[in-house]
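Structure at a glance
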Amino acid sequence: MPGVIESLALIVSSLATTTLVANALYLGTYALATAALAFGATALQGMFVDKPKVPKPDDGSYNLKQSVPSLAYVLGRTKKGGDYVFLEEKGGKAHHVIVWAGHRIHQYVQHYLHDDKATLNVDGGVTEPGHYDKDGVSFVHIKTKLGLNSETAYTDVVTAFPTIWNNNCRGDGLASVYMTCKTVDQTDFLDVYPNQMPEHSAVGDGALLYDPRKDSTQGGVGSHRYTNPNTWEFSSNLALMRLWHLCHPVGGKMAYQNMYLPDWANAANVCDQNVTNRSGGTEKRYHGGFWFRASNDPIEVGRIMDEAAELVVYERADGKIGVHAGEFVTPDVRLTAENVFSIRVDKNKRRAATVLGVRGRYVNTTKDYITEDAAIYGQPYAVVDDTTERTRTFENAAIQSHNHCQRKQKLTYVRANARKVSVVADYTADDARNIPYRRFVKVHYPSRGLTEAVVEITSSVTIDLRNMRISFSGILVSASLYDFNAATEEGEPGEAVEPLPDEGVPVPVDFTPTIQTEVVSGGATAAFINATWDFVDDTLTYELEYDRTSGSTGVQSAFSEAGATQVRSGYLVDGEEYRVRLRAWGGGSKSEWTDYVLLTATADPVAPGPVTAVSVTPGAGQAEFQWTAPNSSNYFACRIYINTVNDLGTATLAATEYGPPSATDLRVVTSLGAGTYCGWLLSINPSGVPGTAVATGSFVVM
């Protein structure tokens, strides 16, 4: 056996451990030296192979399309896209099948289309944002599956594509999303799909986790069993996530039987402790959420959880895997000058090594899970010296609380500026053999300024059995290491830029349509609609829609030039009533219509002269009216009104006789009852504009 053996009780991934050392510890360097563990040489050989980095939270804002994507794993609650496994179109409908997680999840909390929150009806139709729901028809539908051990195929996909997708395409154990998008009319496409094909993402509660505190066979209370994942529950407790990861094939590949569960139960309790934030509310001490892929380095994945929850994973003397929780524990190992061979204290007073402030970044769950900056901890501009490390940045993908990030920033600040200690002690001294299994030890060495000093071990513990010595390095801390007063120490979080809601193309303002006329070929006049509105932008064009209220000609449209403030219609049918409205177009999308305005087409607004030589000859049940048309070029016809009283306002139109100007004309009005009547004759032009009425006087019908 070698003279110097790395202790098995090593800090796997946290604090000041380097990447190389952490890799060696995690994959079993000691196993190669003593053959005591089963990590094996194969794992060690791949130690230095670069693996994909753990994705940042923002990396999940889009869906991945590739032949064989690595499965995604979700711990806690997070927002992410998925991996396409099917995308085809048939009958004007696009079918998307997306795997959101490569395992069973607890639930979907919120769906997003692009950056917009989606509201679904009972059938899965998207009703909000409103542009996906037109005239009560939802053009986008979303259905989901949680990834149970035995799932069922999406029946709509099987029906549409029976030759390539059948009932065996169930997706067992895969949490998935099925989204359909229907084709719309070309003129409405950018109204329904302003950002083209919707990009789906979702906030979801991820994997179910085993909790030893809820296992009555492990000293807890409840029905959890680590042998039956169906008894597990969802949790955002970081210690439970780490326990799951160590025992999962994508993590440590270890067995729950090899875990020292009392340690893990205590760590979970520490994570569940309530802390007060700057607003006076309470939150859990170490909770969070993130996602990763099966191809990601398990060392890096584990380090994210260890760092976020202040965990230190180690192997106990009995061979089981324990964990030091993120709390201060009063040391039960005390080293004195009598049993210390050598000690080196670095007071860390060099300006170049002094950190003045710590910047932090965390995932803000209240702002759609975007990564944003936390308040700076410390005073980064307190010292003017270019050699000073003014700030250090702390960032962790699993931290989803500003208070949590600030507490970690403080710890980063304290540890960066703490005095460093290296100790070589007598391995045979009282309790010295327990040092590999402790996070904090006490050192009493007054001549070096260490009076009952507490050392947090930040390195591997080395045991030299040839010389019976034990050595380690650490930093000097106090019992208040984890104390945090949010009211005075938690700064105010920065303001994140929030996207403005899409207001679309603005509705035209001050829409004013009028009937106008112009002379056409042959000297005749024709009516048209001229519409005006307020100027908004040079890029907008406007559509004027008009149709006869009778509906006999159908809807017609006229478009303006870009940036114009008026547009005219085609020629109108003279004398007909039209309903008119306007909308704006910009970037392929359009605004809402204005309200309808009713107008009557009048090609000739000039009234003809009155008829002359008016007379009436009554008879039995009828009356013959005679007149001479005026010498007016725009004379078109004569209207005959009859009333039983001398009041033109209440008279009834009995007949209309068409004829040329200056001609003598007559018209017999029949079906009159016996009695006394009054009559009036009005000349009109082709637009129906009347001239002056001429009374016939009273007459008696037999």
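Note that this is a predicted model, so its numbers are computed, not measured.

**Some words on the environment of Trp100**
Here Trp100 lies in strand β5 (residues 93-101). Taking the relative accessible area as the measure of exposure, Trp100 reaches 1% and is therefore buried. Expressed as a C-alpha distance, the spacing of Trp100 and Val74, which sit 26 residues apart in the sequence, is 8.9 Å.

**Some points on the nonpolar core**
Core analysis: the biggest nonpolar cluster contains 58 residues, and Leu75, Leu243, Trp244, Tyr256, Met259, Phe290 and Phe292 have the highest contact counts within it. For this core, the element with the most residues is helix α6 (residues 238-246), which contributes 7 residues. Ignoring anything within four residues of it in the chain, the contact list for Leu75 reads Ala207, Leu209, Met241, Trp244, Gly289, Phe290, Phe292 and Met305. Judged by nonpolar contacts, the second largest core, of 24 residues, contains Leu335, Ile343, Tyr445 and Leu450.

**Some thoughts on the pairing of strand β19 (residues 312-315)**
Going residue by residue along β19, you find Val312 and Tyr314 tucked away on one face and Val313 and Glu315 tucked away on the opposite face as well. Here 4 bridges tie β19 to strand β20 (residues 321-324), and the two strands are oriented antiparallel to one another. Paired with Val312 across the bridge in β20 is His324. Two successive antiparallel strands, β19 and β20, enclose a turn made up of 5 residues, where Gly319 displays a positive phi of approximately 90 degrees.

**Here we look at the sheet that holds strand β43 (residues 652-658)**
Spatially, β43-β42-β45-β46 is the arrangement adopted by the 4 strands of the open sheet, whose pairing is antiparallel. Strands with a single pairing partner mark the edges of an open sheet, and in this sheet they are β43 and β46 (694-701). If you compare each strand with its neighbour and ignore which way they point, the axes differ by 25 degrees on average. Note that strand β45 (residues 675-684) and β46 share 7 bridges and pair antiparallel. Each bridged residue has a counterpart across the sheet, and for Thr676 the counterpart in β46 is Val700.

The rules behind these values
- Residues numbered from 1 in each chain as written.
- Predicted model: local features only at pLDDT ≥ 70, side-chain atom pairs only at ≥ 80, totals over all residues.
- Heavy atoms only, no water.
- Helix = DSSP H or I, 4+ residues; strand = E, 2+ residues; numbered from the N terminus.
- Buried < 20%, exposed > 50% of the residue type's maximum accessible area, 1.4 Å probe, protein only.
- Core = buried A, V, L, I, M, F, W, Y, C linked by side-chain atoms within 4.5 Å.
- Contact = heavy atoms within 4.5 Å.
- Pairing = 2+ DSSP bridges.
- Axes fitted to C-alpha atoms, helices over the stretch in contact; angles between N-to-C directions.

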